[in-house]
Amino acid sequence: MQEILSCRNVMVDFSGFKALQGVNLDVKKGEILFLIGPNGAGKTTLLDVICKKTKLTAGTVLFDGKISLEKLPEYKIVHEGVVRKFQAPSIFIHLTPFENLEIAMKQKKGLFSILLAKMSRLEKEKIDSLLNKIGLFDVRNETASSLSHGQKQWLEIGMQLIQEPKLLLLDEPIAGMSGLERTKTGELMQEISQICTVLVVEHDMDFVRKYSTRVIVMHEGKVLSEGTMQEIQENEEVKNVYLGRSG
Ligand code: ADP
């Protein structure tokens, strides 16, 4: 499988505190790769580096075999196809799911078009099809404030997907969700992985076990181990620093 993202010797130094201490990892096209590890291991910092929310101190982040993300401004990283869904939803709660997706679609084209452009039939169909995929077609004309926590999270994922990314970064996507919502989110991730690689930070080991194609364990700003969930579970070092403690 070909790499969509390669981190080489990535370091982040927060005024003397080394949050990432030479991270080397590859994300392969089409996988659902989970980043796990104890609190403070550097997982969120790594996602922040990939989308340029945090600037790396040293190293490279190569995207799609040719683009050095660390050299690009944040908006160009989105343009190249790397999008991030943060933990807290940032949807427009007074608008409907359809309108939220309409704005996200127009954002991709630039602010000027938001004011001027009328949507084509094709664009409307694209939004409807996405609403179906994220399970919100039936509530597409309700105000987003009336959606459940899970539905808001899926809408947010939809707002990223409408940008047609190649790599989707998710930070604890099932936090605060009911059991049914968790299952739906896992299934949505599996569907998304048909068209876009997914890199997820997650603590819920049952969820990781069920939906990961591969797992990377981080510890103290470095990659400790990688493999399938089964391989990870059998690794003595991983058991010592993480799984043995948390489940
Ligand atoms: P994880 O996501 O694995 O829990 P983080 O990437 O959030 O870990 O944090 C890694 C370490 O870096 C932690 O010790 C955290 O306190 C520290 N850290 C994160 N962001 C900053 C920051 N902006 N300034 C200083 N220290 C930070």
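Residues numbered from 1 in each chain as written. Predicted model: local features only at pLDDT ≥ 70, side-chain atom pairs only at ≥ 80, totals over all residues. Heavy atoms only, no water.

Asks: Residues and numbers for the packing of helix α6 (residues 149–161) against helix α7 (residues 179–192), please.
Replies: Two elements in contact, α6 and α7, have axes whose closest approach is 10 Å; the angle formed by their N-to-C orientations is 15°. As far as their axial angle goes, α7 and α6 are roughly parallel. Crossing hand, α6 versus α7: right-handed. Mapping the contact onto sequence places His149, Gly150, Gln151, Trp154, Ile157 and Leu161 in α6 and Glu181, Lys184, Thr185, Leu188 and Ile192 in α7. Split by residue class, the contact of α6 with α7 holds 5 nonpolar, 4 polar and 2 charged. (Axes fitted to C-alpha atoms, helices over the stretch in contact; angles between N-to-C directions. Helix = DSSP H or I, 4+ residues; strand = E, 2+ residues; numbered from the N terminus. Parallel < 35°, antiparallel > 145°, perpendicular 65-115°, else oblique. Left-handed = near helix turned anticlockwise from the far one by under 90°. Contact = heavy atoms within 4.5 Å. Nonpolar A, V, L, I, M, F, W, Y, C, P; charged D, E, K, R; others polar.)

Asks: Provide a residue-level description of the packing of aromatic side chains, including the pertinent values.
Replies: Across all of its chains, the model carries 2 aromatic pairs by this definition. The interplanar angle of 75° and the centroid separation of 6.0 Å between the aromatic rings of Phe34 and Phe207 together place this pair among those described as edge-to-face. Of the two residues, Phe34 is situated in strand β3 (residues 32–36) and Phe207 in helix α8 (residues 205–211); the sequence distance between them amounts to 173 residues. Among the residues examined, Phe34 registers a relative accessible area of 0% and is labelled buried. Among the residues examined, Phe207 registers a relative accessible area of 5% and is labelled buried. (Phe/Tyr/Trp six-rings, centres within 6.5 Å; stacked < 30°, edge-to-face > 60°. Buried < 20%, exposed > 50% of the residue type's maximum accessible area, 1.4 Å probe, protein only.)

Asks: Lay out the side chain of Thr54 in plain terms, naming residues and giving numbers.
Replies: Mapping Thr54 onto the fold places it in the loop between α1 (43–50) and β4 (58–63). When its relative accessible area of 14% is taken as the criterion, Thr54 is described as buried. Excluding residues that lie within four positions of it along the chain, Thr54 makes contacts with Val12, Phe14, Asp48 and Val49.

Asks: Quick rundown of the site of the ligand? Include the residues and the values.
Replies: Taken together, Phe14, Phe17, Ala19, Pro38, Asn39, Gly40, Ala41, Gly42, Lys43, Thr44 and Thr45 make up the full set of residues near the ligand. One of the backbone nitrogen or oxygen atoms of Gly42 is found 2.9 Å away from an oxygen atom of the ligand. Between Thr44 and the ligand, the recorded distance is 2.8 Å, taken from a side-chain N or O atom to an oxygen atom. Its free accessible area being 560 Å², the ligand has 57% of it covered by the protein chains. (Near = heavy atom within 4 Å. Polar contact = N/O pair within 3.5 Å; in protein donor to acceptor, adjacent residues only side chain to side chain. Areas by Shrake-Rupley, 256 points an atom, 1.4 Å probe, with all protein chains shown as cover.)

Asks: Could you give me a rundown of the nonpolar core, with the residues and numbers involved?
Replies: Judged by nonpolar contacts, the single largest core of 46 residues is most densely connected at Phe34, Ile36, Leu101, Ile127, Leu155, Leu168 and Ile192. Tallying contributions element by element places α6 first for this core, with 5 residues. Excluding its chain neighbours within four sequence positions, the residues that come into contact with Ile192 are Ile157, Leu161, Leu168 and Val198. In terms of nonpolar packing, the next biggest core, distinct from the first, is built from 32 residues, Leu47, Cys51, Leu56 and Leu69 among them. (Core = buried A, V, L, I, M, F, W, Y, C linked by side-chain atoms within 4.5 Å.)

Asks: Go over the confidence of the model for the protein, please, and point to the residues and values.
Replies: Chain-level statistics for the protein give a pLDDT mean of 92 and a share of 94% at 70 or above. Across the predicted assembly, pTM comes out at 0.93 and ipTM at 0.97. (pLDDT = per-residue confidence, 0-100.)

Asks: Please give an account of unusual backbone geometry that cites residues and values.
Replies: What is expected of a backbone is that most residues other than glycine have negative phi and most peptide bonds are trans. At Asp64, a position not held by glycine, the phi torsion is positive, near 55°. Its location among the elements puts Asp64 in the loop between β4 and β5 (67–68). Positive phi is not limited to glycine here, since Glu220 has a value of about 50°. Structurally, the position occupied by Glu220 is in the loop between β9 (214–219) and β10 (222–227). Glu220 gets classed as exposed once you look at its relative accessible area, which sits at 54%.

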